[in-house]
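Examination of the molecular architecture
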Amino acid sequence: MEHLFATAAIGRMQLKNRFVMAPLTRQRADVMGVPLPYVADYYGQRAGAGLLIAEGTQPSFAGQGYCRTPGIHTEDQVVAWRRVTDAVHARGAAMFLQIMHCGRIAHPLNRQIPDEPVAPSAVRPAGQMWTDQQQMQDFPTPRALETSELPALVEEFVAAARNAIRAGFDGVELHAANGYLLNQFLASNTNRRTDGYGGSVAGRIRFVVEVVEAVGAAIGLQRTAIRVSPGHMFNDLVDERPIETHRALLDALPTADMAYVHVMLPDSFSPQMNNAGDPSAVLPALRPHVRGALIAAGNLTAESAENMLTSGLIQLAVFGRPFIANPDFVERIRTGTPLAAPREDLFYTPGPEGYSDYPALAA
Ligand SMILES: Cc1cc2nc3c(=O)[nH]c(=O)nc-3n(C[C@H](O)[C@H](O)[C@H](O)COP(=O)(O)O)c2cc1C
């Protein structure tokens with residue numbers, strides 16, 4: 001595990017190891033999107049990782065889709081996040097914030113504003129989502145964004161990124177994966193625009209490129225990252241040619257100067273959720289198109305991560321579910337200690353149970 005435990009220089013960060021905690025939505029904010037006090041405990045406990053990526057966080061009330069997710073657009077949110085980044089930095093880890101605009105993956109009951117959810121096109125996602133008031137509900141049909149609204153939407157991401165820096169984050173990861181707004185622009189089934197922001201691959205990548213460039217200009221490209229999930233058909237998102245789309249996207253992005261490109265691999269255990277082909281071929285297909293650091297998540301084990309780091313395929317290894325029940329995941333790998341299993345029924349429930357109460361190994 002020599003490479004996993006080696007230090008790394010990524011963007012402006014000096015990382016103590018190459019373990020990264022993946023962004024994990026846990027819905028422990030209040031209804032106004034303010035992270036609750038025990039959120040700082042939870043992230044602080046997991047700061048054995050070199051880098052932590054905080055959960056998907058909305059840049060505005062309009063960007064919210066799920067109930068109790070945090071935001072980064074009010075002063076109360078910035079103050080609460082500052083406590084989180086302080087707890088993580090106190091242990092010598094770095095922290096990015098994932099900025100997540102849900103687009104059409106939203107229900108009005110989960111939002112603090114009456115506006116309907118927006119998306120590149122008025123295409124209703126199949127399926128349902130949880131609301132605290134009325135349990136599972138069908139997704140509504142989103143309103144298609146007007147071309148004239150796009151500059152303000154770019155500015156929303158910029159303002160959120162500036163707030164993240166004020167809250168002490170080392171940078172931001174723009175969420176263009178898993179079927180949310182930026183991914184909805186990229187994919188052929190969710191983007192049917194005819195205004196130059198859709199249609200061809202060049203049209204579909206355009207808005208995402210504009211957001212990355214604007215955020216990079218505002219806070220520095222070295223503090224700007226992106227997450228993509230080519231071929232992951234989550235949230236009813238299907239791109240006809242995901243590898244082709246993502247190659248074009250990466251070629252158009254200033255990846256040499258960005259903090260990193262984060263790939264979430266399509267799930268090798270659910271072939272019905274993957275149209276990118278062999279999951280093990282995804283990173284090799286994209287690697288030549290990333291001129292800076294490439295990091296990846298998706299069913300990694302310490303062994304598979306070490307192999308990918310050794311070969312130079314990736315520069316950091318990202319782990320999600322293992323961090324949920326193992327606050328000291330890095331220490332457990334170092335000592336060869338068995339991992340605890342997370343309680344999935346408590347992934348998204350309010351309160352510290354199943355969240356900040358998983359014990360570390362006895363000292
Ligand atoms: C409870 C839970 C919440 C998640 N929330 C997010 C999220 O907010 N943003 C995101 O990009 N991915 C999210 N994911 C995906 C993870 O970041 C990660 O890519 C995935 O769990 C695969 O990694 P793993 O096999 O190590 O768990 C979530 C996954 C889980 C299990």
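Definitions and cut-offs
- Residues numbered from 1 in each chain as written.
- Predicted model: local features only at pLDDT ≥ 70, side-chain atom pairs only at ≥ 80, totals over all residues.
- Heavy atoms only, no water.
- Phe/Tyr/Trp six-rings, centres within 6.5 Å; stacked < 30°, edge-to-face > 60°.
- Helix = DSSP H or I, 4+ residues; strand = E, 2+ residues; numbered from the N terminus.
- Buried < 20%, exposed > 50% of the residue type's maximum accessible area, 1.4 Å probe, protein only.
- Lys NZ or Arg CZ within 6 Å of the ring centre and 35° of its normal.
- Contact = heavy atoms within 4.5 Å.
- Salt bridge = Lys/Arg side-chain N within 4 Å of Asp/Glu carboxyl O.
- Axes fitted to C-alpha atoms, helices over the stretch in contact; angles between N-to-C directions.
- Parallel < 35°, antiparallel > 145°, perpendicular 65-115°, else oblique.
- Left-handed = near helix turned anticlockwise from the far one by under 90°.
- Nonpolar A, V, L, I, M, F, W, Y, C, P; charged D, E, K, R; others polar.

Now for the packing of aromatic side chains. Scanning the model with the defined rule gives 14 aromatic pairs in all. Summarising the aromatic geometry, the rings of Y66 and Y180 are spaced 6.2 Å apart at their centres and angled 65° between planes, so their arrangement reads as edge-to-face. Highlighted residues: Y66 in the loop between β4 (51-57) and α2 (75-89) and Y180 in the loop between β10 (171-176) and α4 (181-186), separated in sequence by 114 residues. As far as the burial class goes, Y66 and Y180 line up, both buried. Of the aromatic side chains, those joined through ring pairs into one cluster are Y38, Y42, Y43, W81, F169 and Y355. Note that R206 overlies the ring of Y197, its terminal NZ or CZ placed 3.9 Å from the centroid.

The next thing to look at is the environment of P120. Structurally, P120 is set in the loop between β6 (118-119) and β7 (128-131). Separated by 65 residues in sequence, P120 and F185 have C-alpha atoms that sit 5.8 Å apart. Setting aside anything within four residues of it in sequence, one finds P120 in contact with A144, L145, L181, Q184, F185, T190, N191 and R193.

Once that is clear, we can look at the pattern of salt bridges. Under the criterion given, the structure shown has 13 salt bridges. D195 is the salt-bridge partner of R193, the closest N and O atoms lying 2.7 Å from each other. For R193, a relative accessible area of 9% gives the class buried. The exposure class of D195 is partly exposed, given its relative accessible area of 27%. The partner of R334 in a salt bridge is E331, and the shortest N-O contact between them spans 2.5 Å.

What follows is about the packing of helix α3 (residues 150-166) against helix α5 (residues 201-219). Running from N to C, α3 and α5 point in directions that differ by 40°, and their axes come no closer than 9 Å. When the interaxial angle is binned, α3 and α5 end up oblique. As for how α3 packs across α5, the hand of that crossing is right-handed. Packed against α3, whose contacting residues are L150, L153, V154, F157, V158, A161, R162 and I165, the element α5 presents F207, E210, V211, A214, V215, A218 and I219 at the interface. Each residue belonging to the contact of α3 with α5 can be placed in one class, and the counts come to 13 nonpolar, no polar and two charged.

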